Amino acid sequence: MGIFSRFADIVNSNINSLLDKAEDPEKMVRLIIQEMEDTLVEVRSTSARTIAEKKELARRVEKLNEQVAMWQEKAELALSKDREDLARAALVEKKKSSEAATAVETELAHVEQHIEKLQNEVAALQDKLADAKARQKAIVLRQRSAESRLDVKKALNTSKVDDALSRFERYENKIDGLESQVESYDLGTKSLSDEIADLQQEDKVDDELAALKEKMAKESK
């Protein structure tokens, strides 16, 4: 099973739990990123152990090949001394070492394939993680913007705003009435400044009248 299959099982179980609780997307995004990071840590640890196992297998193969060469030399030595029985026994041991080396080499090949798959999956998961982190901020901003707009829409669709405007209108009407009452008290009464201003207006009219009389008298002559 690949790391994505295991990762999907972990994340899906948590997401389903969040959906059941009606959690917000921001928390879900954080959870997904956390799960990705935890999976990367786990897989890197597994990769380290697998690489160590690969090195151990490679050492075993090398040692077994050395034994094969050693038994070959012993068999040749025994034959050179006319000890066919010892040469036969040495070749038997050589065969055992050769078969063991082949088996370990096969196991080593499987481990190398496993490491290669792990490396490819880790690289893919790192790309997904980088993409998720890059999109996380945008998702959070979109969520908060949508929530703010929703709050405004809810406020506009309630009667609170209309009630507030109605109260403003009532206050304005009340103030208009008060101002009208003040003005009504001023009707028929004049202040000292008003009376002096009236006298000044009368003086102007008298002056204009005198000027007009003088003009007409000159014209009649």
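A separate point is the overall build of the protein chain. Helix and strand counts for the protein chain come out as five helices and zero strands. For the protein chain, the sequential pattern of α-helices and β-strands runs α-α-α-α-α. Sorting the 221 residues of the protein chain into buried and exposed places 17% on the buried side. Carbon and sulfur atoms make up 54% of the accessible area of the protein chain, which totals about 17200 Å².

Moving on to the layout of surface pockets. Considered as a void within the structure, the largest pocket measures approximately 200 Å³ in volume. Residue assignment for the lining of the largest pocket shows that the elements contributing at least two residues are α2 (25-80) and α3 (84-156). Top element by residues in the lining of the largest pocket is α3. It accounts for five residues. A breakdown of the residues in the lining of the largest pocket according to their chemical character gives five nonpolar, no polar and three charged.

Taken together, the side chains of E202, D203, D206, D207 and E208 define an acidic patch exposed on the protein surface. For D207, the location among the structural elements is in helix α5 (residues 192-220). Look at D207 and you get exposed, because its relative accessible area is 55%.

Before going further, it helps to spend a moment on the environment of V29. Secondary-structure assignment places V29 in helix α2. For V29, a relative accessible area of 13% gives the class buried. Once the C-alpha coordinates of V29 and I139 are considered, the two residues, 110 residues apart in sequence, prove to be 8.3 Å apart. Those residues in contact with V29, other than ones at most four positions away along the chain, are Q136 and I139.

V29, I33, M36, L40, V43, L118, V122, L125, L129 and A132 form the largest nonpolar core, which has ten residues in total. Of all the secondary-structure elements, those providing two or more residues to this core are α2 and α3. In this structure, V61, L64, V104 and I115 belong to the second largest nonpolar core, which totals eight residues.

Compared with an ideal rise of 1.5 Å per residue, which puts 56 residues at 82 Å, α2 spans 82 Å between its outermost C-alpha atoms and is within 8% of the ideal. Of the residues one or two after α2, D82 is the one with positive phi, at around 60°.

The rules behind these values
- Sequence order as written defines the numbering, with residues in each chain counted from 1.
- With pLDDT at 70 or above as the cut-off, local features in this predicted model cover only qualifying residues; side-chain atom pairs require 80 or more to be listed or tallied, and sums for whole chains, interfaces and linings still use all residues.
- Note: side-chain values were computed over all heavy atoms of the structure, leaving out hydrogens and water.
- For the purposes of this entry, the term helix denotes a DSSP run of H or I that reaches at least four residues, the term strand denotes a run of E that reaches at least two, and both are numbered from the N terminus.
- For every residue, the accessible area obtained with a 1.4 Å probe (protein chains only) is divided by the maximum for its type, and the residue is called buried under 20%, exposed over 50%, and partly exposed between those limits.
- The Shrake-Rupley method, run with a 1.4 Å probe, gives the accessible areas here. Residue values count only the displayed protein chains as cover.
- Think of a 1 Å grid over the protein atoms and nothing else: a 1.4 Å probe that fits but is trapped marks a cavity, an open set flanked by protein within 12 Å on at least five of seven lines marks a pocket, and residues with an atom within 4 Å of a point count as lining.
- Grid points are joined across faces, edges and corners, and a volume is the space filled by probe spheres set on the points.
- In this classification, Asp, Glu, Lys and Arg are treated as charged, Ala, Val, Leu, Ile, Met, Phe, Trp, Tyr, Cys and Pro as nonpolar, and every other residue, Gly included, as polar.
- Patches in this entry comprise residues that are over 30% relatively accessible and not in a salt bridge; like charges within 9 Å are linked, as are nonpolar side chains (Val, Leu, Ile, Met, Phe, Trp, Tyr) within 5 Å.
- Salt bridges are identified by distance alone: a Lys or Arg side-chain nitrogen within 4 Å of an Asp or Glu carboxyl oxygen.
- In this count, Lys and Arg are taken as positive residues and Asp and Glu as negative ones, while His and the chain termini are left out.
- The atoms used to mark charge sites are NZ of Lys, CZ of Arg, CG of Asp and CD of Glu.
- Whether two residues are in contact is decided by their heavy atoms, any of which lying within 4.5 Å being enough.
- As used here, the term nonpolar core means buried Ala, Val, Leu, Ile, Met, Phe, Trp, Tyr and Cys residues forming a set that is joined through side-chain atoms within 4.5 Å.
- The span expected for a helix works out to 1.5 Å for each residue beyond the first.

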